[in-house]
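Breakdown of the fold
The residues making up each chain are set out below.
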Amino acid sequence: MVHVVGIVLHPRRDCTPAVDTILAWAKERDVTVLGLSDEIGRIDCSAVAVSSEELVDRSHLLVSLGGDGTMLRALRLVEGRKTPVLGVNVGRLGFLAEVDANHLTDALSAIDAHRYTVEPRMAVRTTLPDGTDVTSFNDIALVRSPGNGLAAVSITVEGHSFVRYAADAVIVSTPTGSTAYSFSAGGPIVSPTVQGLLVSAAAAHSSFNRSLLLSLDEHLALDVLPSSGRLAVEADGIVRGFVDAGDCVKITPLPGAAHVVRLGRTTFYERARRKLRVAGSAQVDTFDTTNVSVVDNFESSRYEVLVAGEVAGYVEYRRSVGHIEFLHTEVVQGYEGRGLAGRLATSALDDVRARGATMTTSCPFMAGYVADHPGYADLLGETPSG
């Protein structure tokens, strides 16, 4: 069971409702909630203010409230420990987060009951010329500084120079980071379960501009060439120092440096399609309408419309005895404009009728659908009290 929960907050977004949810859940179970002193001081809450060292020493579970940047910071905090990290979306959709804030209570209860898995995440580490150790879960990049020359870098593998890049930046990313800076530079999308390192060049000025995928067993070093300008060293997008011509940046992979909570509600590929707006596949562009179905995924509290077995949209709900409240409807990017939302709404409302239940909705789409289809108006009812 979870006895101590640590929370890490987005520096600007309002995390108060999510923190209140955690505190309410914790109070019912006599669970202690810890937070970083400078973060929980911004909001009025009863979480215990502690240092970062005490946060990671005492927490059985760390909850990141924000986006991917907050999640990466939480992973860096627990680097080298087995403490699982639950990512909660507060704002925009991210890759690393597992649940939205409105599913937080169910997620915490599932973790408390050991109904979850963990996904190990690799990090990369280097030591700067001044002796500073730098660890990153997305990427380490040597980036051209304003007013200086290009990044001229030799990629050395197993002690031998393989290729030289002249570019705006040279990026070494983990599979987790394949969808970040590396992706914007034209690198491939890589499953986070792959054990390897990606090397990519952003805006390459050299004739060779392809990405490399290296084994973790291969020793990798980035040698800054005499023709290079001064380069900033960015770790997860944060400038940590600088290197100059003649410097060597050795990269060390750290497999299983942190562990992300997975509840099985989404896959990496679902998140990638939504976040990166992946479209244009044959399955998305044209599909057989007879291969569409709607199911009640009661474990996730949502009706799902499936196309060839893949989730193409859903309507979330809160169910009580004899009543259901619809909360939010969404169609996955690439499936819009094909009537799937209407099919989803019809099936969900037909199921409410078949159960002899009533419904309310705080979802604008479902409210509009019922208004446009008065045959379902008799299902509307008051939310049961208690």
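Right above here is the structure, for reference.
Description of the structure in this document. Treat the numbers as computed from the prediction; the structure is a model and nothing was measured. (Residues numbered from 1 in each chain as written. Predicted model: local features only at pLDDT ≥ 70, side-chain atom pairs only at ≥ 80, totals over all residues. Heavy atoms only, no water.)

Some thoughts on the packing of helix α1 (residues 16–29) against helix α5 (residues 104–112)
For any two helices packed against each other, one specifies the crossing angle of their axes together with the interaxial distance. How we decide: In this analysis an axis means a line fitted to C-alpha atoms, helices contributing only their contacting stretch, and an angle means the value between N-to-C directions, from 0 to 180 degrees. Numbered from the N terminus, helices here are DSSP runs of H or I no shorter than four residues, and strands are runs of E no shorter than two. Should an angle fall under 35 degrees it is called roughly parallel, over 145 degrees roughly antiparallel, and 65 to 115 degrees roughly perpendicular, with every other angle called oblique. Take the far helix as the reference: if the near one is turned anticlockwise from it by less than a right angle, the crossing is left-handed, and if turned clockwise, right-handed. Contacts are assigned to residue pairs with any non-hydrogen atoms lying within 4.5 Å of each other. Gly is put with the polar residues, along with every residue not named as nonpolar or charged; the nonpolar set is Ala, Val, Leu, Ile, Met, Phe, Trp, Tyr, Cys and Pro, and the charged set is Asp, Glu, Lys and Arg.
For the pair α1 and α5, interaxial distance at closest approach is 9 Å and the crossing angle is 40°. Between α1 and α5, the angle falls in the class oblique. As α1 runs across α5, the sense of the crossing is right-handed. Within the contact between the two elements, α1 uses Ala-18, Thr-21, Ile-22, Trp-25 and Arg-29 and α5 uses Leu-104, Thr-105, Leu-108, Ser-109 and Asp-112. Split by residue class, the contact of α1 with α5 holds five nonpolar, three polar and two charged.

Notes on unusual backbone geometry
This is how it is decided: Throughout, exposure labels follow a simple rule: accessible area from a 1.4 Å probe, protein chains only, divided by the maximum for the residue type, with under 20% read as buried, over 50% as exposed, and the rest as partly exposed.
Despite not being glycine, Glu-158 shows a phi value in the positive range, around 55°. When you line up the elements, Glu-158 lands in the loop between β10 (151–157) and β11 (160–167). The residue Ala-203 is not glycine, and still its phi comes out positive at about 50°. Mapping Ala-203 onto the fold places it in the loop between β13 (197–202) and β14 (212–214). The exposure class assigned to Ala-203 is partly exposed, which follows from its relative accessible area of 45%.

Some thoughts on α1
Rule in force here: The span one expects for a helix is its residue count, reduced by one, times 1.5 Å. The arc refers to the directions leading from the helix axis to the C-beta atoms.
An ideal rise of 1.5 Å per residue puts 20 Å on 14 residues; α1 measures up with 20 Å between its terminal C-alpha atoms. Three or more residues of α1 are buried, namely Ala-18, Val-19, Ile-22, Leu-23, Trp-25 and Ala-26. Down the axis of α1, the sector holding all buried residues measures 165°, keeping them to one side. Opposite its buried face, α1 presents the exposed residues Pro-17, Lys-27 and Glu-28, each directed more than 90 degrees away. Where α1 is buried, its residues touch β1 (4–9), β2 (32–36), β4 (61–66) and α5.

Regarding the pairing of β11
Selection rule: Pairing between strands is defined by DSSP: at least two bridges between the two strands are required.
Summarising the sheet, β10 and β11 pair through seven bridges and their orientation is antiparallel. In the sheet register, Ser-154 faces β11, and the bridge partner there is Arg-164. A loop of two residues connects β10 with β11, the two strands running antiparallel in sequence, and Glu-158 in this loop sits at a positive phi of about 55°.

Describing the pattern of salt bridges
Pairs can form between side chains of opposite charge whenever their charged atoms are close. Here is the rule we go by: Salt-bridge detection follows one rule: a side-chain nitrogen of Lys or Arg within 4 Å of a carboxyl oxygen of Asp or Glu.
Counted under the stated rule, the structure contains 17 salt bridges. A salt bridge links Arg-81 to Asp-57; its shortest N-O distance comes to 2.8 Å. Within this pair, whereas Arg-81 is found in the loop between α4 (68–77) and β5 (84–89), its partner Asp-57 is found in helix α3 (residues 52–58), the two being separated by 24 residues in sequence. Taking the relative accessible area as the measure of exposure, Asp-57 reaches 52% and is therefore exposed. In this structure, Arg-318 engages Glu-325 in a salt bridge whose closest nitrogen and oxygen atoms are separated by 2.8 Å.

Observations regarding the environment of Val-78
By secondary structure assignment, the location of Val-78 is in the loop between α4 and β5. Under the relative-accessibility criterion, Val-78 is labelled buried at 1%. Not counting residues up to four positions away in its chain, the partners in contact with Val-78 are Val-56, Leu-62, Thr-83, Val-85, Ala-257 and Ala-258.

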